Every structure is written in C-alpha cells, then in structure tokens.
Amino acid sequence: MASGSPDDSGRLAALPWTPGDASETATEALQALDTYKKKDPSKVVVRFKAVGNAPIMRQNFYKITASNRFQAVIQFLRKELGWKAGDPLFTYINLAFSPAPDDTVSNLYKSFATEGHLIVNYSTTAAWG
C-alpha cells in the first residue's frame, strides 16, 4: 500500500519510513560496518600454562592483539613450542573448555579473564571435554 492512500477504514496509511530516511539509514549502516572492520589495537595479556606432559614455556605471559582470532593464539603457541602443524596440541581456557578457533581473543578475555589475564592451558593429549 502506498503512502497517502486510504486503507480499509478510510484512514490514510503511513509507511514506517519515508524515502528520505533511507539515505540516513544507509549512512549509519556504512559507519557501523567501518567501525566493525577496524582492528582493535588494544592488547590482552595471555598466560600460558602447561598441563600433563606438555613442555613448560620459559616465558608464559604474552601480550596479544585483542582483535585476533584464537587460531592466531594457537599458531603462536605452536611456534613458541617449536611444534609442527601435525603435532597434537589441545588448548583450554581456565582448565574448563576448548574455545573455537574463530572466537576472538577480546571476547574470550571479556568473558573469562582471571586477575587481568586470559589463562590458556595447553596439553599434548585431550585433558577436558
């Protein structure tokens, strides 16, 4: 039904938006996308803890960019330990669960930080489900 035409009761029906609002909505949407695309320059302190027979790292505190995916943390840990892509590596947050590789470090930190650190436990065998 077009704006300004009568409905069944004889009243004029109004659309929820007018054509002039579309350009404002599109501008707001583009600004929101630009904000989303920007990388978060802030850093998160990640503490690595070995579990079971996994080797202990000499340095276990690292600052990692908050906007990184957890996959980047896994790759970083493999590099620091000198492990190949085929070597088994299991990672857990706070000895509780294994995060998805596409989770962001920022979201994990906001939800599960302990004493200002994101604690990442790592093992060579599956330790928790």
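So, how was this worked out
- Residues numbered from 1 in each chain as written.
- Predicted model: local features only at pLDDT ≥ 70, side-chain atom pairs only at ≥ 80, totals over all residues.
- Heavy atoms only, no water.
- Helix = DSSP H or I, 4+ residues; strand = E, 2+ residues; numbered from the N terminus.
- Contact = heavy atoms within 4.5 Å.
- Buried < 20%, exposed > 50% of the residue type's maximum accessible area, 1.4 Å probe, protein only.
- Pairing = 2+ DSSP bridges.
- Axes fitted to C-alpha atoms, helices over the stretch in contact; angles between N-to-C directions.

Draft legend 1. Inspection of the environment of Val120 at higher detail. Tracing the backbone through its elements, the reader meets Val120 in strand β4 (residues 118-123). Through-space distance from the C-alpha of Val120 to that of Ile93 is 4.9 Å; in sequence the pair is 27 residues apart. When near neighbours in sequence (up to four residues on either side) are disregarded, Val120 contacts Val46, Arg47, Phe48, Lys49, Phe70, Thr91, Tyr92 and Ile93.

Draft legend 2. Highlighting unusual backbone geometry. Although it is not a glycine, Leu95 adopts a positive phi angle of roughly 55 degrees. Its location among the elements puts Leu95 in the loop between β3 (90-93) and α3 (105-112). The backbone phi angle of Glu115 is positive, close to 50 degrees, even though this residue is not glycine. Taking the relative accessible area as the measure of exposure, Glu115 reaches 75% and is therefore exposed.

Draft legend 3. Looking closely at the sheet that holds β4. Spatial ordering of the open sheet is given by β2-β1-β4-β3, a layout of 4 strands whose pairing is mixed. Two strands lie at the open edges of the sheet, namely β2 (61-65) and β3, each paired on one side alone. Pairs of neighbouring strands in the sheet enclose a mean axial angle of 35 degrees, with direction left out of account. As paired elements, strand β1 (residues 43-50) and β2 share 5 bridges and run antiparallel to each other. Looking across to β2, one finds that Val46 is bridged to Tyr62. Each of β1, β2, β3 and β4 is contacted by helix α2 (residues 70-81), which is oriented at about 125 degrees to β3, the strand it contacts most. Across the face of the sheet, α3 comes into contact with β1, β2, β3 and β4 while running at roughly 110 degrees to β4.

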